Amino acid sequence: MASRKAQQRLLRICHWSKAPYQCGPATRRYFSVNYPSLQSYSSSLSDSYYNEEQLQMQATVAKIIENDINPFVDEWEAKEEFPAHQVFKKLGDAGLLGIDKSPDYGGLGLSYKYMAAVMEELGTVKCNGLSMAILVQMAMTSQALQRFGSDELKKEFLVPSISGDYVACIGVSEPGAGSDVGNIQTKAVRKGDDLIINGQKMWITNSLQADWMCLLANTSDGNKYKNKSLICVPMNSKGITKQKIHKIGNHCSDTGIIFFEDVKVPAKNIIGDVGAGFFYQMLQFQEERLAACAGMLKQVDLILSDTIDYTRQRKAFGKSILDNQYVYFRLAELASENECLRALTYKTIDMFVDGQDVTRLASMAKLKAGRLVREVTDTCLQFWGGMGYTREASVSRYFRDLRLLSIGGGADEIMLEIIAKLMNISPASPTKK
Ligand SMILES: Cc1cc2nc3c(=O)[nH]c(=O)nc-3n(C[C@H](O)[C@H](O)[C@H](O)COP(=O)(O)OP(=O)(O)OC[C@H]3O[C@@H](n4cnc5c(N)ncnc54)[C@H](O)[C@@H]3O)c2cc1C
C-alpha cells in the first residue's frame, strides 16, 4: 500500500494529468506545448504541520476538487458563474462547511487549524474565484453568528449554511466606503418589532446566488464604532435588488451590488448586542485574513510548479528557459518566500487557536501574501513569454485572479496602517506621544 504522501502525490498527479493543456486554434498555430502532467514543486513544510486527521481532510477535499470542481472550472469561468448551491451542498455533505462550528448546529467543533488545512487544499482549485467563494461561506460569513447569535438565528441561518443548503454572503463594503468601514451609510431603523433597511452594499461575493447576507448596518446615530449591528437578512426579502459586477479576474465568483429599499426584517435578526457590529466584524476580519493567507499558499506552489514545467520544456538559444541562472534563481527565491509566508501563517494560526490576539501577525501575513502573489504571478508570467499572455495559460488566470489579494479584505495600505498603529509609530497609535 502506498504511503499517504505517495497517495496524495498520486491524487495530485491524476488531477493535473486529467487537465491537459488546451489552447484555441489561433494559439495552437504558433505554439506546440506539452503541458505538464507532474507536479514539479511542492512545499516541504505543509505535510509536517498538519496531523493525520487534517491530512485526511485534505485528501477528502482533493477528491471533491478532482471530481466535482476542477473538470468544470473552465466552463464556469467562461460563463462567469458557478452553481453555488450544487458545489456547497457537496462540501456540506462532506462536513467541510462547519469545521469550526458547534456540533449543536451541524458543525464538527474542531479548531481553526482544521479549517486552515482545508483552506490550504482549496488552493488547488484551478481558479481563485471558486476557492474564494468557498472561503467566504466557510470562514467569513458566520463567525459572528456562531459566537454571538441567538439559538433561533443559528437554527435559521447557520444550520443550513453548514449543511450547504444555503449560500451566504457578507455585506460590509459600500460604494462610498470600502477601506473606511466606520463610514458605511446603510441604515437599519427600528420600527416596532422590525428593522427597516435602506442603502447599498457593493462588491459582495456570492451575493447574486445567496440565500442570506450577514449585513453590517448603522442601527443608530452617534459614535461610528458603536452604532453598527450585524444583521441576518434573507436575500429574498421584498425591496432587495441585485446587479452583477463584471471583473478582470475571479470570473466565476459572483460579485454584486445589492440595493436595499425599505427592506423589512425582524429586529431579532440582529446578531448579539445592538451596536456591537463594528467590533464583531473586526473579529471576523482576523479569520478572513488568515483564511486568505492559508488559501493562497498552494496556489503559489502550483504557479511555481507549472512555471518550472513550462520553462523546462520550452527551448531558446539551444537550451531550456529554465536552464538560465536568472530564471531558476528567481523561482528558488520565490519558493523560499512562500515557505517564509507559510511559516508565519502557520505560527499565527497556532497562536489564534491558542486564544491569543493575532491582529498584528495576521495583518503582516495578509500584507505579505498580497505582495508575494503579485510578485510571483508577474515574474512567472514573464517566464512564460507570449504564452503567458494568452487566456489559456494557467499563469495568466492566476495573474488576474490573485491581484485582488492586495485590495480585498483590507487593502495593503490598511494592513500597513494596522501594523504601524500596533508598532506605535503611526500618528493614529493610541499611545503615541
Ligand atoms: C472581487 C471583490 C470581492 C469582494 N468581496 C467582498 C465581500 O464579499 N464583502 C464585502 O463587504 N466586501 C467585498 N469586497 C470589497 C473589498 O473589501 C474592498 O474593495 C476593499 O476593502 C477596498 O475598498 P474600496 O474598494 O472601497 O477601496 P477604497 O477604500 O476606495 O481605497 C482605494 C485605495 O486607496 C488606498 N487607501 C485606502 N485607504 C488608505 C489609507 N488609509 N492609507 C493609504 N492608502 C489608502 C488603497 O490603496 C486602496 O486600495 C470585494 C472586493 C472585490 C474587488
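Owing to the predicted nature of the structure, the values given are computational and were not obtained by experimental measurement.

Novice: Would you take a moment to explain the overall build of the protein for this structure?
Specialist: Regarding its fold elements, the protein presents 14 helices and nine strands. Over its C-alpha trace the protein gives a radius of gyration of 22 Å, about what one expects of a compact globule, namely 22 Å for 433 residues. Counting every position in the protein, which comprises 433 residues, the buried fraction comes to 45%.

Novice: Explanation requested: the site of the ligand in the structure shown.
Specialist: Near the ligand you find 24 residues, and of these Val172, Gly178, Ser179, Trp203 and Glu413 are the closest. Counting only elements with at least two residues in the shell around the ligand, the list comes to strand 1 (168–171), strand 3 (194–205) and helix 14 (412–422). Its residues assigned to classes, the shell around the ligand comprises ten nonpolar, ten polar and four charged. Both domain 2 (168–275) and domain 3 (279–422) contribute no fewer than three residues apiece to the shell around the ligand.

Novice: Hey, could you run me through the domain arrangement of the protein in this one?
Specialist: When the parts come together, some accessible area is lost, and that loss is often what is quoted as the size of the interface. Looking at the protein, the domain boundaries give domain 1 (11–163), domain 2 (168–275) and domain 3 (279–422). In terms of residue count, the dominant contributor to the side of domain 1 that touches domain 2 is helix 7 (residues 128–140) (eight residues). Its residues assigned to classes, the side of domain 1 that touches domain 2 comprises 14 nonpolar, eight polar and four charged.

Novice: Please explain the packing of helix 6 (residues 112–121) against helix 10 (residues 277–313) as it appears in this structure.
Specialist: Geometry of a packed helix pair, given as the angle between the helix axes and the separation of the axes. Close contact between helix 6 and helix 10 brings their axes to 6 Å; oriented N to C, the two are set at 45°. Comparing the axis directions of helix 6 and helix 10 gives the class oblique. Both helix 6 and helix 10 take part in a crossing whose hand is right-handed. Between helix 6, through Ala116, Met119, Glu120 and Glu121, and helix 10, the contact on the second element is made entirely by Ala291, Ala294, Gly295, Leu297 and Lys298. Broken down by class, the residue content of the contact of helix 6 with helix 10 amounts to five nonpolar, one polar and three charged.

Novice: What am I meant to see in helix 13 (residues 394–401) here?
Specialist: In an α-helix, one turn spans 3.6 residues, which is why side chains three or four residues apart end up on the same side. Counting buried positions along helix 13 yields six of eight residues, so the element is predominantly enclosed. Of all the residues in helix 13, the buried ones are Ser394, Val395, Arg397, Tyr398, Phe399 and Asp401. Each element contacted by the buried residues of helix 13 is listed here: helix 7, helix 10 and helix 12 (359–383).

Novice: Where do I start with the UniProt feature "domain: Acyl-CoA dehydrogenase/oxidase C-terminal" (unreviewed entry) in the protein in this structure?
Specialist: In this structure's numbering, the residues bearing the UniProt feature "domain: Acyl-CoA dehydrogenase/oxidase C-terminal" (unreviewed entry) are residues 275–421. Within residues 275–421, the helical portion is 74% and the strand portion 3%, while the C-alpha atoms at the span's ends are 24 Å from each other.

Novice: Honestly, the UniProt feature "domain: Acyl-CoA dehydrogenase/oxidase N-terminal" (unreviewed entry) in the protein in this entry has me stumped. Any pointers?
Specialist: The UniProt record marks residues 51–165 with the feature "domain: Acyl-CoA dehydrogenase/oxidase N-terminal" (unreviewed entry), using the residue numbering of this structure. Along residues 51–165 the backbone is 70% helical and 0% strand, and the end-to-end C-alpha distance reaches 30 Å.

Novice: What is the right way to read unusual backbone geometry from this model?
Specialist: Most peptide bonds are trans, and most residues other than glycine sit at a negative phi. In this structure, tryptophan 203 is a non-glycine residue whose phi angle is positive, near 75°. Of note, tryptophan 203 is situated in strand 3. The phi dihedral of asparagine 206 is positive, around 75°, even though this residue is not glycine. Secondary-structure assignment places asparagine 206 in the loop between strand 3 and strand 4 (212–218). On the basis of neighbour count, asparagine 206 is assigned to the buried category, with 26 C-beta atoms found within 10 Å.

Novice: Where do I start with the pairing of strand 1 in this structure?
Specialist: Look at any regular strand and the pattern is simple: side chains alternate between the two faces of the sheet. Every second residue of strand 1 is oriented toward a common face, with Ala168 and Ile170 on one face and Cys169 and Gly171 on the other, all of them buried. Judged from the four bridges that link them, strand 1 and strand 4 form a sheet pairing that is parallel. Within strand 4, the residue paired with alanine 168 across the bridge is tryptophan 212.

Novice: Mind showing me how you'd approach the environment of alanine 411 here?
Specialist: Inspection of the secondary structure assignment puts alanine 411 in the loop between helix 13 and helix 14. Counting along the chain gives 132 residues from alanine 411 to phenylalanine 279, while the straight-line C-alpha distance between them is 19 Å.

The rules behind these values
Residues numbered from 1 in each chain as written. Predicted model: local features only at pLDDT ≥ 70, side-chain atom pairs only at ≥ 80, totals over all residues. Helix = DSSP H or I, 4+ residues; strand = E, 2+ residues; numbered from the N terminus. Rg over C-alpha atoms; globule rule 2.2 N^0.38 Å. Buried ≥ 20, exposed ≤ 12 C-beta atoms within 10 Å, placed from the backbone. Near = placed C-beta within 6 Å. Nonpolar A, V, L, I, M, F, W, Y, C, P; charged D, E, K, R; others polar. Domains from an automatic or database assignment. Axes fitted to C-alpha atoms, helices over the stretch in contact; angles between N-to-C directions. Parallel < 35°, antiparallel > 145°, perpendicular 65-115°, else oblique. Left-handed = near helix turned anticlockwise from the far one by under 90°. Contact = placed C-beta atoms within 7 Å. UniProt positions renumbered as here; feature names shortened; annotations may be inferred. Pairing = 2+ DSSP bridges.

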